[in-house]
Amino acid sequence: MKTSLLTFTAGLALVAASAQADEVRVYNWSDYIDESLLEKFEEETGIDLIYDVFDSNEVLETKMLAGGSGYDVVVPTGTFLQRQIAAGAFQKLDKSKLPNIDNMWDVISERTAKYDPGNEYAINYMWGTTGLGVNVPKVKEILGEDAPIDSWDLVFKPENMEKLAECGVYFLDAPSEMIPAALQYIGEDPDSHDPDVIAKAEPVYMAIRPYISKFHSSEYINALANGDICVAVGWSGDVLQARDRAAEADNGVEVAYNAPKEGAQMWFDEMAIPVDAPNPDAAHTFLNFIMDPENMAAASNYVYYANGNKASQEFLAEDVIGDPAIYPSEEALGNLFTTTPYEPKVQRVVTRLWTKIKSGS
Ligand code: N2P
């Protein structure tokens, strides 16, 4: 009797261990993957995938700094990754479990190493730019044929915004990108950490604040596609997804994306494993799956963002690898800027300023 009870207990422990070993929890940006890849992962590996989404680095950062998120893989942007590595939020990757890491693209790895020296904690998932999503016919109808759809003038010039207000303008709720954009517009260093320089973004926003319909970082995809708004300051691939949704709906809405000619921010979203991930083994299996060239290409082909995987390029659709809004030319790359993480004190200045701008007072 005793023996069999013991056996039974051991059996339960085994079940519990394998249940945990067969589950991976991933926390990624919304509208950032071809969902059929999630099923493919489960079929190929036998691991259950729990996939949650967010649309804000700040939301992710709060979870990472608090600890105990329960996630095995998360996707902060490079600047946030750097700050969270410094806070001890992530574990080093075990590259022996990532044979597909050889597929990564040195051009991008060199840039991401700025945030994660040696790329020890993260792999690049995708990268893109922050710019202007425009319903072209609508904006031309309002501002005329020479509407500045490729210039920050479109949204930072009050006389333009006053007119565009009638058709709707959204801004990202992303202070670490929206403050640099305003600084770039007025000719300041977009990566300034000087509170006096950062403060110069305030009047830029206050002058246009009455004409901004909403600050939101994911609703603009459908809002643009449906024609509910005519301009969104948003992320490159999201705007291109809006373009496709509108084309599919055949609703007369024509959406275009432009990285403003005065300079636009380029960013890198990085997959990392939290230090307290419940299942780091499965996390590595997920990262390795993502770095498979055909999987990575399928993801980019679906969401219209470039990726950091060189071997995936032969599987990319022509309207992805051949679109300079997704894979910019050497020359266009020169017009993109990157930023560095704000120190906690400066971050508080930025957060306070952003709250003030959003409230409009
Ligand atoms: C995906 C948005 C990811 C870009 N919807 C933000 N870094």
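Please refer to the structure higher up on the page.
Anyway, here's the lowdown on the structure attached to this text.

Calculation criteria
Residues numbered from 1 in each chain as written. Predicted model: local features only at pLDDT ≥ 70, side-chain atom pairs only at ≥ 80, totals over all residues. Heavy atoms only, no water. Helix = DSSP H or I, 4+ residues; strand = E, 2+ residues; numbered from the N terminus. Rg over C-alpha atoms; globule rule 2.2 N^0.38 Å. Buried < 20%, exposed > 50% of the residue type's maximum accessible area, 1.4 Å probe, protein only. Contact = heavy atoms within 4.5 Å. Areas by Shrake-Rupley, 256 points an atom, 1.4 Å probe, with all protein chains shown as cover. Lys, Arg positive; Asp, Glu negative; His and termini not counted. Charge placed at Lys NZ, Arg CZ, Asp CG, Glu CD. Pairing = 2+ DSSP bridges. Core = buried A, V, L, I, M, F, W, Y, C linked by side-chain atoms within 4.5 Å.

Turning to the overall build of the protein chain, a few remarks are in order. Looking only at helices and strands, the protein chain has 18 helices and 11 strands in total. The C-alpha radius of gyration of the protein chain comes to 22 Å, within 12% of the 21 Å expected for a compact globule of 361 residues. C-alpha atoms of the protein chain, sized along the principal axes, occupy 85 × 45 × 40 Å. Split into buried and exposed, the 361 residues of the protein chain put 53% on the buried side. Of the contacts formed within the protein chain by residues at least 6 apart in sequence, a portion of 74% connects residues at least 24 apart. Working note: accessible area of the protein chain is about 15,500 Å², and carbon and sulfur atoms make up 51% of it. Within the protein chain, one finds 26 positive and 58 negative side-chain charges whose respective centroids are separated by 8 Å.

Here the focus is the pairing of strand β8 (residues 255-258). Of the two faces of β8, the one lined by V255 and Y257 is fully buried and the one lined by A256 and N258 carries no buried residue. Judged from the four bridges that link them, strand β4 (residues 122-135) and β8 form a sheet pairing that is antiparallel. Within β8, the residue paired with N135 across the bridge is V255.

If you check the backbone angles, D250 has positive phi at about 50° while not being a glycine. Residue D250 is classed as exposed on the basis of its relative accessible area, which comes to 69%. Although it is not a glycine, Y304 sits at a positive phi angle of roughly 60°. Structurally, Y304 is set in the loop between α15 (293-303) and β10 (306-307). By relative accessible area, Y304 is classed as buried at 8%.

Core analysis: the largest hydrophobic core is formed by 119 residues, its most contacted members being V155 and F171. Top contributing element to this core by residue count: β4, with seven residues. Apart from residues no more than four positions distant in its own chain, V155 is found in contact with L132, M161, V169, F171, I208, V231 and V233.

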